[in-house]
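The lines below spell out each chain.
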Amino acid sequence: MNAMTEARTRVTGDRVDVSAAPIMSVEGLSVGFDTPHGPVQAVDNVSWSIRKGETLGIIGESGSGKSVGLETIMGLITSPPARISGQVLLDGQDILSMPQRQRRQLRGDRMAMIFQDALAALNPSLTIGTQISEVYRIRRGASRQAALDKAVELMDQVKIPSARSRLKAYPHEFSGGMCQRVMIAMALAMDPEILIADEPTTALDVTVQRQIMDLLQEVRRERGMSLILVTHDLGVVAECADRAVVMYSGRMAETATMRDLFRTPSHPYTRALLQAMPRVDARLERLQAIPGTPPTLSHIPSGCAFRPRCTFAQPRCAEEKPELRMLAAEHSAACHFAEAIREETSHD
Amino acid sequence: MTEQQQAVASGQREVVLRAEQLGKVFGKTVRQGWRRVDQGVRAVNDVNFELHRGETLGLVGESGCGKSTLARLLVRLMDPTEGRVEVLGQNLLELKREDLRQARRRIQMIFQDPYSSLNPRMTVGEIIGEPWQVFPDIVPPAQREARIGELLQQVGLNKSDADRYPHQFSGGQRQRIGIARALAVEPEVIICDEPVSALDVSVQAQVINLLMDIQRDTGVSYVFIAHDLSVVRQISDRIMVMYLGEIVEGGAVDAVYESPQHPYTTALLSSIPVHDPEQQSRQVLKLPGEVPSPMNPPSGCKFHTRCPYATEICSQEVPAVTGDLAVRGVRCHHASTLNFDPYIEHITGRVASG
């Protein structure tokens, strides 16, 4: 087994102290927009927290509100035009009520974000060197040369080969995986405590996805940083995250540690998602597909939004919106029958 | 072995699609005396396979490996620079315009992007019925409306959807419309180019099930192109792995997944994130770098620049194919000496010793 320990994705001792106080907590966050089709609620009463050094997965399909919530936390979505309520506490202070000037200081130093489409997120008309070093010049007042030296250092850290000679390269000269590394380098520049990664590997091939996930875990471990990993890929979350939040139609369906989420999924949606995934280790007679499609935000069903697709649905589900209830330590689900489902899955 | 695999193994079933030494070079080929020299990008090289009735051949590889080019060659949306494609024994490449059109009745295609592959100005009924303008004999005009209704039901939509427009449907539903359009001409073969990769997980399973149901009911054959190895395992009988325009390994799907022989196949399989937080102890065969540019492919074995097992011979000599890539074969100098068991524990469930 010796040869294997080195390759383990999770290393024992890397576990997070679960009694530690959260570094950031989101409390009752709601984000709504007025659209030509009427008001929509993109994020509805979402609460979670993240500890130092922890990796939190946020799982959801398109339109589940996973990106909108995080963009609001970063201050990329503001009110107006959005209607935002709830709190995002960083060191006990609500960042949503801070003035923009103060929030700007948080970005980079306290938290940073990377996006799915790295090529689109970079400025095509500036060199890589300029883009990475920019933040040192603006925020730290570094000289041009000092800032470029820092950029080379960062590029080495994210394993961009022959960094110095590539300072003058433009984003289009880089592959998708390399652009993602550049973005990670920019995000790390100010040494943030929290890194938000929004589908960082979705556009990448599997072998490159593996490299980027390894890199993210490595920088997280080295810097004691917290990582919020947004993805629709349950496999990526299973490998990297300590805990996860499952989103459906703007609301939290379930939140649990990875072990609980995969062993005793207690929301019908989580359970159905796990069953719907094709497996690499076996060919199934038939996949257990979830019927129907995710609701559009302008037509969210009454009561529980998952009800029309749910095999457990009862008349009650159409009338009463299920609240998130705690089932066990670090495990909550928003379903009227969560306890029964949890009981059932734990015997499977 | 399933019945299907047995039939394939014993070669009983009819061959519906055959590719022989199929290749495509973008750019030009010049003659230097008796030699032809490529001065372009070789996107597909030396692809050979036979597809049997009712069978699914999976084709996997990373972006830029030439799998979509291969798909386009198979339906002759693009002319290959070498080799031949036969559909039911008829060489597509010799056909003139009208005959080619007729041959396409046998071979259809489903595309990746369900948004750009449907005409936004046509109703769903018009989209599905359009192929009958080319092949009026398939369904007599009086029965067309009823047939459109049947096709819509076959793909899990409602008869009444025929009057709606594509923008009124979700991605998964649009993919179903694309499938109905392909089925309208009752083809023998459907080339599916990444048909589920744009769909959400919960919808992806529906479309995979639908494709499998249609195959069971109609006996249609698929060439199924995807980069998601779990999806390919679910739907395919056989699989071929592509790297930089070449097939590097192929065989029955269980054989390839449970005992891969090429380092690239192994790297792909071991890189897949596993949906089980407690099964994360396997070794991952990690590849350095990224796929080289096809403009300037490496010498010898094209994979040697990223291969952890590469030796001198790999950069000098092009590896010969051991076996038949379409049945069970591999293109690697060292295939017979490598043991990949520790990298695929998550697939086989066997814990490798050591």
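Residues numbered from 1 in each chain as written. Chains lettered and ligands numbered in written order. Predicted model: local features only at pLDDT ≥ 70, side-chain atom pairs only at ≥ 80, totals over all residues.

S.K.: Please clarify how the overall build of chain A should be interpreted in this entry.
M.R.: Within chain A, the regular secondary structure consists of 13 helices and 12 strands. Since a compact globule built from 348 residues should have a radius of gyration of about 20 Å, the 21 Å found for chain A is in line with a globular shape. When its C-alpha atoms are laid out on the principal axes, chain A stretches across 65 × 55 × 40 Å. Evaluated residue by residue, chain A yields a buried proportion of 47% over its 348 residues. Here the analysis covers contacts within chain A between residues at least 6 apart in sequence; of these, 63% occur between residues at least 24 apart. (Helix = DSSP H or I, 4+ residues; strand = E, 2+ residues; numbered from the N terminus. Rg over C-alpha atoms; globule rule 2.2 N^0.38 Å. Buried ≥ 20, exposed ≤ 12 C-beta atoms within 10 Å, placed from the backbone. Contact = placed C-beta atoms within 7 Å.)

S.K.: Sorry if this is basic, but what is going on with the domain arrangement of chain A here?
M.R.: The parts lose accessible area when they come together, and the size of an interface is often stated as this lost area. All names here are of chain A. Once the domains are mapped, chain A shows domain 1 (23-241) and domain 2 (265-278 + 287-347). Of note, the centres of domain 1 and domain 2, computed from C-alpha atoms alone, are 30 Å apart. Each partner contributes residues to the interface: domain 1 has nine residues there, and domain 2 has seven residues. Element by element, the count of residues in the side of domain 1 that touches domain 2 is highest for strand β2 (residues 38-51), at four residues. (Domains from an automatic or database assignment.)

S.K.: Quick question: what am I supposed to make of the sheet that holds strand β3 (residues 55-59) of chain A here?
M.R.: Across a sheet, paired strands are connected by hydrogen bonds in the backbone, their directions being either parallel or antiparallel. All names here are of chain A. With respect to topology, eight strands assemble into an open sheet ordered β6-β7-β8-β3-β9-β10-β12-β11, the strand pairing being mixed. Unpaired on one side and paired on the other, β6 (111-114) and β11 (325-328) mark the two borders of the sheet. Strand after strand, the sheet turns through a mean of 20° between neighbouring axes, direction not considered. The pairing of β6 with strand β7 (residues 194-198) spans four bridges and is classified as parallel. Bridge pairing links I114 to A197 in β7. (Pairing = 2+ DSSP bridges. Axes fitted to C-alpha atoms, helices over the stretch in contact; angles between N-to-C directions.)

S.K.: So what exactly am I meant to see when it comes to the nonpolar core here?
M.R.: One recurring pattern in soluble globular proteins: nonpolar side chains tend to sit buried together. Core analysis: the biggest nonpolar cluster contains 196 residues, and I228 of chain A together with V223 of chain B have the highest contact counts within it. The element contributing the most residues to this core is helix α7 (residues 176-188) of chain A, with nine residues. Not counting chain neighbours up to four residues away, the residues in contact with I228 of chain A comprise I50, L56, I58, L70, I194, I196 and A197 of chain A. (Core = buried A, V, L, I, M, F, W, Y, C linked by C-beta atoms within 7 Å.)

S.K.: Sorry, what's going on with helix α11 (residues 268-276) of chain A here?
M.R.: At 3.6 residues per turn, the α-helix brings residues three or four places apart onto the same side. By the criterion of burial, α11 of chain A is predominantly enclosed, with seven of the nine residues buried. Among the residues of α11 of chain A, P268, Y269, T270, R271, A272, L273 and A276 of chain A are the ones counted as buried.

S.K.: What's the story with the sheet that holds strand β7 (residues 189-193) of chain B in this structure? I'm lost.
M.R.: Residue and element names in this part refer to chain B. Taken together, eight strands build an open sheet; the order of strands is β6-β7-β8-β3-β9-β10-β12-β11 and the sheet is mixed. Where the open sheet ends on each side, the last strands, each with one partner, are β6 (107-110) and β11 (321-324). Strand-to-strand twist of the sheet, defined as the mean angle between neighbouring strand axes without regard to direction, takes the value 20°. Bridging between strand β9 (residues 238-243) and strand β10 (residues 246-252) involves six bridges; their strand directions are antiparallel. Bridging from a neighbouring strand, M242 pairs with I247 of β10. Relative to strand β8 (residues 221-226), helix α2 (residues 67-74) is tilted by about 155°, and along the sheet it contacts β3 (56-60), β6, β7, β8 and β9. Sheet contacts for helix α11 (residues 263-271): β3, β9 and β10; angle to β9, the most-contacted strand, approximately 105°.

S.K.: What should I look at first to understand the interface of chain A and chain B in this one?
M.R.: Listed by partner, the interface residues are 41 residues for chain A and 42 residues for chain B. Looking at which element gives the most residues to the side of chain A that touches chain B, the answer is helix α9 (residues 234-240) of chain A, with five residues. Split by residue class, the side of chain A that touches chain B holds 21 nonpolar, eight polar and 12 charged. (Nonpolar A, V, L, I, M, F, W, Y, C, P; charged D, E, K, R; others polar.)

S.K.: Can you walk me through the UniProt feature "domain: ABC transporter" (unreviewed entry) in chain A in this structure?
M.R.: Mapped onto the present numbering, the UniProt feature "domain: ABC transporter" (unreviewed entry) falls on residues 26-274 of chain A. Between the end C-alpha atoms of residues 26-274 of chain A the distance is 26 Å, and the span holds 40% helix and 27% strand. (UniProt positions renumbered as here; feature names shortened; annotations may be inferred.)

S.K.: Just to check I follow, could you spell out the environment of Q211 of chain A for this structure?
M.R.: By the secondary structure assignment, Q211 of chain A is in helix α8 (residues 206-223). Between the C-alpha atoms of Q211 of chain A and A340 of chain A, which are 129 residues apart in sequence, the distance is 40 Å.

S.K.: Before we go on, may I ask you to explain the packing of α8 of chain A against α11 of chain B in this structure?
M.R.: The relative placement of two packed helices comes down to the angle between their axes together with the axis-to-axis distance. Two elements in contact, α8 of chain A and α11 of chain B, have axes whose closest approach is 8 Å; the angle formed by their N-to-C orientations is 50°. With respect to α11 of chain B, the element α8 of chain A is oriented oblique. Between α8 of chain A and α11 of chain B lies a crossing whose hand is left-handed. Counted together, V206, T207 and R210 of chain A of α8 of chain A and A267, L268 and S271 of chain B of α11 of chain B form the full contact between these two elements. The residue inventory of the contact of α8 of chain A with α11 of chain B, partitioned by class, reads three nonpolar, two polar and one charged. (Parallel < 35°, antiparallel > 145°, perpendicular 65-115°, else oblique. Left-handed = near helix turned anticlockwise from the far one by under 90°.)

S.K.: Explain the pairing of β6 of chain B here, please?
M.R.: Along any regular strand, the residues point their side chains to alternate faces of the sheet. All names here are of chain B. Side chains I107 and M109 project from β6 onto one buried face, and the interleaved Q108 and I110 project onto a second face that is buried too. Direction of pairing for β6 relative to β7: parallel, over a ladder of four bridges. Note that in β7 the partner of I110 across the bridge is C192.

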